[in-house]
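What follows is each chain in one-letter form.
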Amino acid sequence: MDYETLILERQGTIALLRLNRPERHNAINRRMALELTKALDALEGDDSVVVVVLTGNGDRAFSAGADMAEILADPTAQGVAGQVAAHLLRFPKPVIAAINGYAFGGGAILAINCDIRVASTEASFRFPGASYGLVVGASQLPRIVGLAAAKELIFTARVVGAEEALRIGLVNRLVPPEELEAETLAMARQIAAQSLPALIASKEVMELALQNQAAVAREGEINRALRRSQEHQERFGQAARRITGQSS
């Protein structure tokens, strides 16, 4: 299919997916969530694809997360970023995130739901859910960075720079911005040379080894309830208006 918010490129058995709303810092709106879901479904069913690389178009942002301007205009759009991130988590083939800039909120969730993260030295992360009255990343982060570090990042909602992200295991490696795509594709080619059935099975077994389906389901359930709370609506509205430059 033709995409408005994604660019899909093929390099042999590697599919390179670019989030393509650079003017909005690759924020995830309804259209992008729908297109990314459809693209992942198509790539899952294509046996000629072994590895997917997910990155952002432009040199500033991997993804700024949910499109706050869209949510202010249409509150029913809330949650679409989380839904597509959950879809990515269920994708059976290896996915590498090439994090070319900041990954905040839903963008950070997309990144941590990938299997491997290669980041630019200009990358940064933020899990701002607590400041919005939501739970963002609590089901995944402890598996990646450990419980204590995950609690700090979620409780404080602070920005994590690239060097710290590498130190705590949030990313697998750092590379200069100009080398990010080449380095990530080189890793993807190493993976693509392996047996696809073995890769899929290995991913399934490793996920079972660190079982967290109950936590993922509970995070979604909690957020559905929290989004109905007055506190969340006030906190999110204030943050959204500040970020989008709209008056209160």
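Residues numbered from 1 in each chain as written. Predicted model: local features only at pLDDT ≥ 70, side-chain atom pairs only at ≥ 80, totals over all residues. Heavy atoms only, no water.

Before going further, it helps to examine helix α7 (residues 147–156). Within α7, burial applies to Ala 150, Leu 153 and Ile 154. The buried side chains of α7 occupy one side of the element, clustering within an arc of 90 degrees when seen end-on. Looking at α7, the residues exposed on the side facing more than 90 degrees away from the buried face are Ala 148 and Phe 155. Its buried side turned inward, α7 meets α5 (129–132), α6 (141–145) and β9 (159–161). Note on α7: the residue one or two positions beyond its end, Ala 157, has a positive phi of about 55 degrees. (Buried < 20%, exposed > 50% of the residue type's maximum accessible area, 1.4 Å probe, protein only. Helix = DSSP H or I, 4+ residues; strand = E, 2+ residues; numbered from the N terminus. Arc of directions from axis to C-beta. Contact = heavy atoms within 4.5 Å.)

Core analysis: the biggest nonpolar cluster contains 50 residues, and Ile 99, Phe 125, Phe 127 and Leu 170 have the highest contact counts within it. In terms of residue count, the dominant contributor to this core is helix α1 (residues 30–44) (six residues). What Phe 125 contacts, discounting residues up to four positions off in sequence, is Ile 99, Ala 103, Phe 104, Ala 111, Arg 158, Val 159, Val 160, Ala 165, Leu 170 and Val 171. Residues Val 51, Val 118, Leu 185 and Ala 192 belong to the second largest nonpolar core, which totals 18 residues. (Core = buried A, V, L, I, M, F, W, Y, C linked by side-chain atoms within 4.5 Å.)

What follows is about helix α12 (residues 230–244). With 15 residues, α12 extends 21 Å between its outermost C-alpha atoms, agreeing within 8% with the 21 Å of an ideal straight helix rising 1.5 Å per residue. Those residues of α12 lying buried are His 232, Phe 236, Gly 237, Ala 239 and Ala 240. Of the surrounding elements, those touching the buried residues of α12 are α2 (68–73), α5 and α11 (213–226). Where α12 ends, the next residue or the one after it, Gly 245, has phi of about 80 degrees, a positive value. (Expected span 1.5 Å × (residues − 1).)

This brings us to the sheet that holds β9. As summarised here, the arrangement of the four strands in space is β4-β6-β8-β9, forming an open sheet in which the pairing is mixed. What marks the edges here is a single partner per strand, and that holds for β4 (61–63) and β9. Across this sheet, the average inter-strand angle for adjacent strands is 20 degrees, counted without regard to direction. Note: β4 against strand β6 (residues 102–104), two bridges, orientation parallel. Its bridge partner lying in β6, Ala 61 is registered against Tyr 102. (Pairing = 2+ DSSP bridges. Axes fitted to C-alpha atoms, helices over the stretch in contact; angles between N-to-C directions.)

What follows concerns unusual backbone geometry. Excluding glycine, most residues fall at negative phi; most peptide bonds, likewise, are trans. One non-glycine residue, His 25, lies in positive phi territory at about 55 degrees. You can see His 25 is positioned in the loop between β2 (14–19) and α1. When its relative accessible area of 28% is taken as the criterion, His 25 is described as partly exposed.

Moving on, we get to the environment of Ala 86. As for its position among the elements, Ala 86 is in helix α3 (residues 80–89). For Ala 86, a relative accessible area of 24% gives the class partly exposed. Each C-alpha atom of the pair Ala 86 and Thr 37 lies 9.9 Å from the other, and the pair is 49 residues apart in sequence.

The subject of this paragraph is the packing of aromatic side chains. Under the criterion given, the structure shown has one aromatic pair. Aromatic side chains Tyr 102 and Phe 104 sit 5.0 Å apart centroid to centroid with 40 degrees between the ring planes, which places their arrangement in the tilted category. (Phe/Tyr/Trp six-rings, centres within 6.5 Å; stacked < 30°, edge-to-face > 60°.)

Another aspect to go through is the pairing of strand β3 (residues 51–56). For β3, the tally of buried residues reaches six of six residues, placing the bulk of the element in the interior. Direction of pairing for β2 relative to β3: parallel, over a ladder of six bridges. Within the sheet, the bridge partner assigned to Ile 14 lies in β3 and is Val 51. In the classification by handedness, the crossover that spans β2, the intervening α1 and the parallel β3 is right-handed. Pairing between β3 and strand β5 (residues 95–99): four bridges, direction parallel. In the sheet register, Thr 55 faces β5, and the bridge partner there is Ala 98. (Right-handed = clockwise from strand over helix to strand, strands pointing away.)

Topologically, Lys 93 is positioned in the loop between α3 and β5. Buried charge Lys 93 goes without a salt bridge, the closest partner of opposite sign being Asp 47 at 5.0 Å. In terms of polar contacts, Lys 93 uses its side chain to reach the backbone carbonyl oxygen of Asp 46, at 2.6 Å. Dropping the residues within four chain positions of it, Lys 93 is found in contact with Leu 43, Glu 44, Asp 46, Asp 47, Val 49, Val 50, Asp 115, Leu 196, Ile 200 and Lys 203. (Lys, Arg positive; Asp, Glu negative; His and termini not counted. Salt bridge = Lys/Arg side-chain N within 4 Å of Asp/Glu carboxyl O. Polar contact = N/O pair within 3.5 Å; in protein donor to acceptor, adjacent residues only side chain to side chain.)

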